[in-house]
Amino acid sequence: MDGLSTELTERFERYCATKDASLPDDVMQELQFMLRLYSISPEELDFKWQAYHMKMGGEETKLNVKTARDFKKNVQDTLERESRGKAQARNDTKKSVPTPRAGKGAGDVFDMLDGLVPNTPRASAPNGVNGSTVKRKSNFDTPASKANKSHEMSSPGGGLTPKGDVNGGPVFDFASRTGAGDISEQINGHITLPDTPEEAPAEARIKLKANTDMSKFSYKTMATKLSEASEVLDDRIDEFRQLIQEHHEFEDSAFGNPSHQSPSEIIAVGRIASDTSEGKLNTPSLVLEGSRRWGSGRRVPLKVETLASYNFFPGQIVALRGINASGDFFTVSEVISLPLLSQPASKPHELDTVNARYLDTPDSDPENARPLTVLIASGPYTTDQNLDFSALQTLLDNAASSFADGIVLLGPFIDAEHPAIRSGDIDLPPHVTQPDQATMADVFRHYISAPLQQFSQRVPTCQIILVPSLRDVASRHAAFPQDKFPKKELGLPKQAQCVTNPMTLSMNEFILGMSTLDILDMLRREELVGGKARSVNIYERAARNVIEQRSFLPLFPPTGREKLGAPAPVEEKLLSNANAREGEEEEGPSPFLPLGTMLDTSYLKLGEMLNVRPDVLVTPSVLAPCVKVVESVLVINPGTLSKKRAAGTYARMTINPSKLSEAEREKGVAVAHKLWERARVDIVKI
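Residues numbered from 1 in each chain as written. Predicted model: local features only at pLDDT ≥ 70, side-chain atom pairs only at ≥ 80, totals over all residues. Heavy atoms only, no water.

Asks: Explain the overall build of the protein chain to me, using residue names and the numbers behind them.
Replies: Along the backbone of the protein chain there are 13 helices and 24 strands. Within the protein chain, the fraction of its 686 residues that count as buried is 47%. Look at the contacts in the protein chain between residues 6 or more apart in sequence, and 74% of them connect residues 24 or more apart. (Helix = DSSP H or I, 4+ residues; strand = E, 2+ residues; numbered from the N terminus. Buried < 20%, exposed > 50% of the residue type's maximum accessible area, 1.4 Å probe, protein only. Contact = heavy atoms within 4.5 Å.)

Here it is, written out as structure tokens:
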């Protein structure tokens, strides 16, 4: 068996129903054919299978020759969609042409009225039809309705009315799901789960404190100035240069401009970028972008073949040691490590105050304090086939039965990519007496706020935290960094705390950092890895990059919409167009693309981590749920609570109080929290 077959067997045999550690020959042939056809590595094929595996229902989907062929067709369809999206983007690009003259009969300036105003000349039409300079009779017919319907976010052209029906496939029954409550991944399993108390605590055992200035997030979107955006990007490079110099104690003379020809070795600090706007970052397209102050704002190609290990992605701030002898490229000899933020710590008397909150009542035994229970879940909270939100209700029931101390809910809640939301096929709440005046806030109050109100009455001491997503229709802020939900308008309970995206807050002594951006998947798609770095787990690589770059969105620019997974399709019904001219074909809308990451570069600093590393970093992703310890940080991907046609997962944290030694008490200095040692995290199937 060759090396390629061995790697395929190691990666894919766990997905098969075979008893021995091998792949069936027909499955192996299909996988090898896909590697040759799409020119991808076994690792990349494994990631694509994981995404397809989750889409089709997780554990119920086993790898056999039939599912392998279905998987191959799914990959082919995805690549064709991406290809069509790129071709359409190129076709939409206007070529620069001289301004047309009125006396030449060439039509309006830039053809802005082409097809909209009757009798407007079209220079591209043959045989003198709508493009001839010959004077012709006026045509006052109503213009065709298909004009200007080429954009993917425009209203459907040709009289297309979307319907919210599911296009085939069995309807998932949440009540008949299997494996509910099973633990798929765990860390610190030796820590026992607490016994359920007979009644709720006398008062809340978690005290929240925001470490992020949320007032700065209410900025005006779509008002970015290029000068401000460029200054923000430049300042980030200069700040890291100063941090690196102070941490490694480099002299000023050690740094230089990588774009200048010089026989001397220098240290260059800049941003990783690609010299092409299309395709994935690779070694030929790798360039370093310097700041205007220290790098003249120029980009210089990088040569990294001599490095034993490297991991780059667009937007990454790096410090590279090398030389530019020819003036054409910068040859890198070493990647200098970036300094990390310090670990969070608290003084002994502060920890004693926090530990006192673990007691259910003032008379409880401090030596047997019940650990905290915090549940973490990420949307979507219902399948693509309905809006019943059974998974959310089940999660709240589990939290109520265990008297959870906190629930962290990350969006999307009412998903803008849900087929029913896109088509408008929504059952309005009973209290809405005037359907024509209903808003998405009414839908949010009915499906999200009402269950949370009922839960807060059952467990009034539980803290509820809501983090919005860029896909939330109830959020007025559609750009990252994102403002919080309007709590009063959405009718959320008193215990609910609406926070921004991203957010860093203190829960008692430990610090929780979270964002609803799928940064793990974006980094997986965009990174360039070589050498020993390939052997590092993708989750650990991505999490380390987030922590090292001190940002919840270190990638710049974010992954394009056309590269993301396609949302569930919506069935469309074609209506006849009475105004269509003879010989014209009815055109439907362009394929619906994912919303992607709308970024306001001017406020990118709001997405950075400040002062210290978080104890817990929550990074929800479509990738397989996991929990890792990276640079003393608990990194949690809870998965999605609902998949497209299956039940999902959530994370359950069990946190013991911190214990101090006598020596630590005598010193009186701040003590690191070391939450990764005293917290148990389970990835649980809903």
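Asks: Before we move on, could you go through the pattern of salt bridges and cite the residues and values that matter?
Replies: Inspection of the entire model under this criterion finds 31 salt bridges. E334 is paired through a salt bridge with R321; the nearest N and O atoms lie 2.9 Å apart. Residue E334 is found in strand β9 (residues 330–336), and its partner R321 is found in strand β8 (residues 317–324); the two are separated by 13 residues along the sequence. Taking the relative accessible area as the measure of exposure, E334 reaches 36% and is therefore partly exposed. For R680, the salt bridge identified is with D682, shortest N-O distance 2.9 Å. Overall, the relative accessible area of 8% leaves R680 in the buried class. (Salt bridge = Lys/Arg side-chain N within 4 Å of Asp/Glu carboxyl O.)

Asks: Break down the packing of aromatic side chains for me, with residues and values.
Replies: What the rule picks out here adds up to 14 aromatic pairs. With a centroid separation of 6.0 Å and an interplanar angle of 65 degrees, the aromatic rings of F413 and F444 are classed as edge-to-face. In this pair, F413 is assigned in the loop between β12 (406–410) and α8 (419–423) and F444 in helix α9 (residues 440–458), connecting sequence segments 31 residues apart. A single burial state applies to F413 and to F444, both of which are buried. Here R241 stacks its cationic end above the ring of F255, 4.3 Å away from the centre of that ring. Here R241 stacks its cationic end above the ring of W294, 3.7 Å away from the centre of that ring. (Phe/Tyr/Trp six-rings, centres within 6.5 Å; stacked < 30°, edge-to-face > 60°. Lys NZ or Arg CZ within 6 Å of the ring centre and 35° of its normal.)

Asks: So, the sheet that holds β12: which residues are in play, and what are the values?
Replies: With respect to topology, seven strands assemble into an open sheet ordered β2-β24-β22-β11-β12-β13-β14, the strand pairing being mixed. Looking at the sheet topology across the chains shown, the edges are occupied by β2 (183–187) and β14 (496–498). Ignoring which end each strand starts from, the neighbouring axes of this sheet average 15 degrees apart. Inspection of the sheet shows strand β13 (residues 463–467) paired to β14 by three bridges, in the parallel sense. Each bridged residue has a counterpart across the sheet, and for I465 the counterpart in β14 is Q497. Contacting β12 and β13, α9 runs over the sheet at an angle of about 160 degrees to β13. (Pairing = 2+ DSSP bridges. Axes fitted to C-alpha atoms, helices over the stretch in contact; angles between N-to-C directions.)

Asks: Outline the sheet that holds strand β19 (residues 616–618), supporting the account with residue identities and numerical values.
Replies: One open sheet accounts for six strands, arranged β3-β15-β16-β19-β21-β20; its pairing is mixed. The outermost strands of the open sheet, each flanked by one partner alone, are β3 (208–210) and β20 (626–630). Recorded for the sheet is a direction-independent mean angle of 25 degrees between the axes of neighbouring strands. Bridge count for β20 against strand β21 (residues 633–637) is five bridges, and the pairing is antiparallel. Counterpart to C626 in the pairing with β21 is N637.

Asks: Can you break down the nonpolar core residue by residue, with the values?
Replies: L409, F444, I448, F455 and L466 are the most contacted members of the largest nonpolar core, which totals 42 residues. Counting residues per element, the ones that place at least two in this core are β11 (372–378), α7 (390–401), β12, α8, α9, β13 and β14. Per-element accounting of this core gives the leading share, seven residues, to α9. With 32 residues, the next largest nonpolar core counts I206, V616, V627 and L675 among its residues. (Core = buried A, V, L, I, M, F, W, Y, C linked by side-chain atoms within 4.5 Å.)

Asks: Account for the confidence of the model for the protein chain, naming residues and giving values.
Replies: Looking at the protein chain as a whole, the pLDDT averages 84, with 84% of positions reaching at least 70. Every residue in residues 94–165 scores below 50 in pLDDT, and together they form 105 contacts with partners more than four places removed in sequence or on other chains. (pLDDT = per-residue confidence, 0-100.)

Asks: Would you mind going over helix α10 (residues 519–526) in detail, with residue names and values included?
Replies: α10 sits mainly inside the fold: seven of its eight residues count as buried. Buried residues of α10: I519, L520, D521, M522, L523, R524 and E526, and no others. Of the surrounding elements, those touching the buried residues of α10 are α3 (42–55), β7 (309–312), β17 (528–531), α11 (538–549) and β21.

Asks: Before we move on, can you summarise unusual backbone geometry with the specific residues and values?
Replies: Note that the residue after G379, namely P380, is joined by a cis bond; omega there is 5 degrees. Within the element layout of this structure, P380 appears in the loop between β11 and α7. With an omega dihedral of 10 degrees, the bond running from G411 to P412 counts as a cis peptide bond. Checked against the element boundaries, P412 lands in the loop between β12 and α8. Although it is not a glycine, F389 adopts a positive phi angle of roughly 55 degrees. Mapped onto the fold, F389 is located in the loop between β11 and α7. The phi torsion at N508 lies on the positive side, around 60 degrees, for a residue other than glycine. Considering the arrangement of structural elements, one finds N508 in the loop between β15 (503–507) and β16 (510–514). On the basis of relative accessibility, which here comes to 10%, the residue N508 falls in the buried class.

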